[in-house]
Amino acid sequence: MPESAGTPPPEPESIEGLRDRIAVLEADLQELVYVASHDLTEPLRMVTSYLGLLQRRYGDQLDETAGEFIHYAVDGADRMRALLDDLLRYSRVGGDEPVRSPVDVDEVLGAVLRSLEPALADTGASVEVIGPLPRLDADEVQLGQLLQNLIANAAKFRPPERPNRVTVASVRDQEARAWRLTVADDGIGIDPKHRERIFQVFQRLHAREEFPGTGIGLAVCRRIVERMGGAISVESELGRGSTFHIVLPDVESAAV
Ligand SMILES: Nc1ncnc2c1ncn2[C@@H]1O[C@H](COP(=O)(O)OP(=O)(O)OP(=O)(O)O)[C@@H](O)[C@H]1O
Ligand SMILES: [Mg+2]
């Protein structure tokens, strides 16, 4: 290229430089989401409590339609509160560095299944664990959240006529020096065109009336997995169940 006058082109930035800048941007964004959701909680609480007051003090002076309007407003405020709580939950995953220690995935799964007992009983889902699960250097709390979100989904998204069968398994990929965990179900499945979208914050493929939820679970999962240097993906077709794959590289290779 001929040399031109004016500002010389910037030096190409090193990978490390770019990484540092991304880290700073991430931290800023993190802070912003935290502050926004945290600070919105307070005024929202005010809305909810005054609506409650209106209902209690003036309920008998209002006609049926006014009562209905208040009900919708309370419902909206409750939903907003749930969304803000979810945003806070999501932003907290990115907060501190994951605390890694040797974790027995079998044990974590046991605790997760105990806490999911009511949800599993509600949906009628059965969970089968194939083979011994590995010991990993991981953040125990986050690994629990990850399994909990995936198994809750696997139980929830079922056809109306029968419960789902959920399978949790692991395979060692020696060459990649990684563990692959899978959570599979035989439920309603996901159209492959939504494979990426479902991992975004508040993206859902179903109405709340059909399946409850806000759409944060998989976004949290992706965040957790990526912070462990891994990757999460889904293999599915509509009506044919879904298999979520989590690849978690050994700590030495994750650090590179
Ligand atoms: N195992 C699954 N089978 C079919 N669809 C799924 C499955 N898991 C997730 N989905 C689809 O992806 C969407 C996003 O999942 P995600 O877990 O983030 O949200 P949610 O379960 O709807 O709400 P939340 O997890 O916040 O309670 C779901 O609403 C659903 O449409
Ligand atoms: Mg979910």
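From a predicted model like this one, the values you see are computed outputs, not experimental measurements. (Residues numbered from 1 in each chain as written. Chains lettered and ligands numbered in written order. Predicted model: local features only at pLDDT ≥ 70, side-chain atom pairs only at ≥ 80, totals over all residues. Heavy atoms only, no water.)

A.B. asks: Help me understand the overall build of the protein chain, please; the structure alone is not making it clear to me.
C.D. replies: When you go through the protein chain residue by residue, the secondary structure sums to seven helices and seven strands. Written out in order from the N terminus, the α and β elements of the protein chain read α-α-β-α-α-β-β-α-β-β-α-β-β-α. Over its C-alpha atoms the protein chain spans a radius of gyration of 23 Å, topping by over 25% the 18 Å that the globule rule assigns to 256 residues. Overall, the protein chain is about 75 × 60 × 35 Å in size when its C-alpha atoms are taken along their principal axes. Of all 256 residues assigned to the protein chain, the portion counted as buried reaches 34%. Put simply, of all contacts in the protein chain between residues at least 6 apart along the chain, 71% involve residues at least 24 apart. Surface accessibility of the protein chain: about 16,100 Å² in total, with carbon and sulfur atoms responsible for 55%. Computing the positive centroid from 28 side-chain charges and the negative centroid from 43, the protein chain places the two 3 Å apart. (Helix = DSSP H or I, 4+ residues; strand = E, 2+ residues; numbered from the N terminus. Rg over C-alpha atoms; globule rule 2.2 N^0.38 Å. Buried < 20%, exposed > 50% of the residue type's maximum accessible area, 1.4 Å probe, protein only. Contact = heavy atoms within 4.5 Å. Areas by Shrake-Rupley, 256 points an atom, 1.4 Å probe, with all protein chains shown as cover. Lys, Arg positive; Asp, Glu negative; His and termini not counted. Charge placed at Lys NZ, Arg CZ, Asp CG, Glu CD.)

A.B. asks: Help me understand the domain arrangement of the protein chain, please; the structure alone is not making it clear to me.
C.D. replies: Often the size quoted for an interface is simply the accessible area lost on bringing the parts together. Each assigned domain of the protein chain is listed with its residue range as follows: domain 1 (15–93) and domain 2 (101–254). On a C-alpha basis, the centres of domain 1 and domain 2 stand 27 Å from each other. In this complex, domain 1 contributes eleven residues to the contact, which on the side of domain 2 involves eleven residues. Both sides together, the interface formed by domain 1 and domain 2 hides about 1,100 Å², and carbon and sulfur atoms give 60% of it. Sorting the residues of domain 1 by area buried against domain 2 places Arg89, Tyr90 and Val93 first, and these three jointly supply 58% of that buried surface. (Domains from an automatic or database assignment. Buried area = accessible area lost by both parts, 1.4 Å probe.)

A.B. asks: Can you walk me through the sheet that holds strand β7 (residues 242–249) in this structure?
C.D. replies: Within a sheet, adjacent strands bond to each other through the backbone by hydrogen bonds, running parallel or antiparallel. Ordered in space as β2-β4-β5-β7-β6, the five strands form an open sheet in which the pairing is mixed. Only two strands of the sheet have a single neighbouring strand rather than two, namely β2 (126–130) and β6 (231–236). Sheet twist, expressed as the average angle between the axes of neighbouring strands with direction ignored, equals 20°. Of the strand pairs in this sheet, strand β4 (residues 165–173) and strand β5 (residues 178–185) are connected by eight bridges, and their pairing is antiparallel. Among the inter-strand pairings, Arg172 is bridged to a residue of β5, identified as Trp179. Here helix α5 (residues 140–156) sits on the sheet and contacts β2, β4, β5, β6 and β7; the angle it forms with β5, its principal contact strand, is near 30°. (Pairing = 2+ DSSP bridges. Axes fitted to C-alpha atoms, helices over the stretch in contact; angles between N-to-C directions.)

A.B. asks: Looking at this structure, how should I read the nonpolar core?
C.D. replies: One broad rule of soluble globular proteins: the nonpolar side chains tend to lie buried together. By size, the foremost hydrophobic cluster in this structure holds 40 residues, and its most contacted members are Leu146, Leu150 and Ile151. Here the element with the most residues in this core is α5; it accounts for seven residues. With residues near it in sequence (within four places) discarded, Ile151 still touches Leu109, Val112, Leu113, Leu116, Val127, Val166, Val168 and Val183. (Core = buried A, V, L, I, M, F, W, Y, C linked by side-chain atoms within 4.5 Å.)

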